[in-house]
Amino acid sequence: MVRRLAVLLAAAVILSGCTEQRLFAVKAVAAGVPSLAPFFEEDGSLGTDETKLRPEQAHSGLQQGNTPGLYGGTQKPKVCDVDRLKDFLTDPRNRQKAREWARIVGITPDQIEGYIDDLTPVLLRHDTLVKNHDYKKGKAVAFDALLEAGIAVLVNDQGLPAVKCSCGNPLQSFDKDPEKISVKFEDGNKKWDGYEKSDVVTVKPSPQPLEQIALIDVDDPDQGINRPVGSSGENDEPFDATKQHAVPRVTGMTFDQASQRLSELGLAAMSSDGLPSGDAAVTGSDPGPGTELRFGEAVILSVADDGEEPGTPPKSDPSKEPSTDDPTSGEPTTVGPTTDEPTTDDPSTSDPTTEDPDTGDPSSSEPTTDRPTTGEPTTSEPTTAVPTTPTTSSTPPTVEPTSAEPTSAEPTSADPTSVEPTRSEPVTSEPASSEPGSSGAPASAEPAAGPA
């Protein structure tokens, strides 16, 4: 027994050590603190950070680049001096740096000017994970970094951080598991006020290229700024960030389509399970359609599991079940299964006016009247349920009468002996992802000035 305990203890220690080794070291980069080996001398001439900006609490650890309010803006001039950066990288004396810079970005040195012209200066509002690059001994050296909120960066047309303004270092997307990081505060980068590991953000590409970026004015959070992509503030259009906007109906859309629609209205698209695939079918939203939210507030989208079609109703909506009139059923739970398998629903044919039931919230749902068009009512022919063959009318689950066609179930309700409620009960299902998460406080966005 003692030997066994010793072996188990040793195994636990080894496993603990392995777990610790799996953590990815991430270097903290504080706002206003110079890098030790930057591409460009960090003397404040290229760009300046907003050192007093505290990190905002994030809706989610994964954010798409088109999320309204993800970044901040300011009317202060030259937060990023784009022209100076171009001059530096095209100077023949910096040819080797330019080659390495272009290599990291994925372009040729002669494309640098055009590439930089398409970038947009913003301020980080969240502590953000990126892959940063120092310049050492003629080479770009990559390292994972956590940039503090308030750092000025240039973002591309997908909303991804591309350049750290103060030093010219090229940036790439963080490509590791953000749940397995170990942040190192060193080289003068002390832990900053407001730092919370749970609020760290990783930015993913926008579903579509951006034409403008919807920012929060860091000097006046009640005001927003629409900044055209590729501009430095000279064409900014301010808007009222306190004005509310109604959540649209998004059930039946893909996650990317719903995200784009919400972004156009100044609302953020989130999911309770991180960011699903872009073609995942949206089954509902929380808060539901019509709810008024202010700019930048989040709408939690429920998406269908693999193989599940959009429009699947929650089992808590029995309002349209014909089998409740069957005196022989004896179990109220048998009313649910008849509407839980619309396996032939096509999201492109669903009626947008009946998508609320998919949120899983009975208070925001509507009668499941969008099922009949694709629920294959013709397969539940009443001729198979005539009194002469009562025991076979409900055997295959694909021929159960749906709530959309009460007339097809008349022979069943007319003859109590033709129904076997216990046969349909096991197919009760509910989308695992249809439970809505919580969202921010009700408020809304500026419809006319949201991002394109």
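The structure this text deals with has already been given above.
Residues numbered from 1 in each chain as written. Predicted model: local features only at pLDDT ≥ 70, side-chain atom pairs only at ≥ 80, totals over all residues. Heavy atoms only, no water.

**Concerning the overall build of the protein**
At step 1: Scanning the protein from terminus to terminus reveals seven helices and 19 strands.
At step 2: Scored against the burial criterion, the 452 residues of the protein give a buried share of 50%.
At step 3: For the protein, restricting intrachain contacts to residue pairs at least 6 apart in sequence, the fraction spanning at least 24 positions comes to 75%.
At step 4: For the protein, the exposed surface amounts to about 21,000 Å²; the carbon and sulfur share of it is 51%. (Helix = DSSP H or I, 4+ residues; strand = E, 2+ residues; numbered from the N terminus. Buried < 20%, exposed > 50% of the residue type's maximum accessible area, 1.4 Å probe, protein only. Contact = heavy atoms within 4.5 Å. Areas by Shrake-Rupley, 256 points an atom, 1.4 Å probe, with all protein chains shown as cover.)

**Looking at the packing of aromatic side chains**
At step 1: Enumeration over the complete set of coordinates arrives at seven aromatic pairs.
At step 2: With a centroid separation of 5.3 Å and an interplanar angle of 70 degrees, the aromatic rings of phenylalanine 185 and tryptophan 192 are classed as edge-to-face.
At step 3: Here phenylalanine 185 falls in the partly exposed class, since its relative accessible area comes to 26%.
At step 4: Judged by its relative accessible area of 8%, tryptophan 192 falls in the buried class.
At step 5: Note on tryptophan 192 and tyrosine 195: the rings are 5.9 Å apart at their centroids and 85 degrees apart in plane angle, and the pair reads as edge-to-face.
At step 6: When its relative accessible area of 14% is taken as the criterion, tyrosine 195 is described as buried.
At step 7: Each member of the aromatic cluster is reached from another via a ring pair, and the members are Phe185, Trp192 and Tyr195.
At step 8: Over the ring of phenylalanine 143 we find lysine 27; its NZ or CZ atom is 5.4 Å from the centre of that ring.
At step 9: Lysine 176 extends its terminal NZ or CZ atom over the ring of phenylalanine 24, reaching a point 5.9 Å from the ring centre. (Phe/Tyr/Trp six-rings, centres within 6.5 Å; stacked < 30°, edge-to-face > 60°. Lys NZ or Arg CZ within 6 Å of the ring centre and 35° of its normal.)

**Notes on helix 5 (residues 255-264)**
At step 1: Among all positions of helix 5, only Phe255, Ala258, Ser259, Gln260, Leu262 and Ser263 are buried.
At step 2: Buried residues along helix 5 sit against strand 2 (62-64), strand 16 (268-270), strand 17 (282-286) and strand 19 (298-303).
At step 3: Positioned one or two residues after helix 5, glycine 266 has a phi angle of 85 degrees, which is positive.

**A word on the sheet that holds strand 7 (residues 152-155)**
At step 1: Taken in spatial order, the seven strands make up an open sheet running 8-7-4-3-12-13-14, and their pairing is mixed. In this open sheet, the two edge strands, each paired with only one partner strand, are strand 8 (161-164) and strand 14 (237-240). Ignoring strand direction, the axes of neighbouring strands in this sheet form an average angle of 50 degrees.
At step 2: Bridging between strand 13 (residues 223-228) and strand 14 involves four bridges; their strand directions are antiparallel. Residue pairing in the sheet places isoleucine 225 in a bridge with proline 238 of strand 14. (Pairing = 2+ DSSP bridges. Axes fitted to C-alpha atoms, helices over the stretch in contact; angles between N-to-C directions.)

**Remarks on the nonpolar core**
At step 1: Leu85, Leu89, Trp101, Ile112, Ile116, Leu154 and Val163 are the most contacted members of the largest nonpolar core, which totals 27 residues.
At step 2: Among the secondary structure elements, those contributing two or more residues to this core are helix 2 (82-90), helix 3 (95-105), helix 4 (112-117), strand 7 and strand 8.
At step 3: In this structure, Ala31, Ala58, Val155 and Ile213 belong to the second largest nonpolar core, which totals 22 residues. (Core = buried A, V, L, I, M, F, W, Y, C linked by side-chain atoms within 4.5 Å.)

**Some words on unusual backbone geometry**
At step 1: Each neighbour pair has its own omega, and for aspartate 286 with proline 287 the value is 0 degrees, a cis peptide bond.
At step 2: When you line up the elements, proline 287 lands in the loop between strand 17 and strand 18 (292-293).
At step 3: Phi is positive for aspartate 187, close to 55 degrees, though the residue is something other than glycine.
At step 4: Considering the arrangement of structural elements, one finds aspartate 187 in the loop between strand 10 (181-184) and strand 11 (201-204).

**Side note on helix 3**
Residues lying three or four places apart along an α-helix face the same way, a consequence of the helix completing one turn every 3.6 residues.
At step 1: Of the positions making up helix 3, those classed as buried are Lys97, Ala98, Glu100, Trp101, Ala102 and Ile104.
At step 2: Downstream of helix 3 by a residue or two, glycine 106 has a phi angle that is positive, lying close to 95 degrees.

**Examining the pairing of strand 11**
Each regular strand displays side chains that alternate between the two surfaces of the sheet.
At step 1: In this sheet, strand 11 lies alongside strand 2 in parallel orientation, the contact comprising three bridges. Residue pairing in the sheet places glutamine 64 in a bridge with lysine 204 of strand 11.
At step 2: In this sheet, strand 11 lies alongside strand 5 (residues 128-136) in parallel orientation, the contact comprising two bridges. Its bridge partner being in strand 11, leucine 129 is matched across the sheet by threonine 202.

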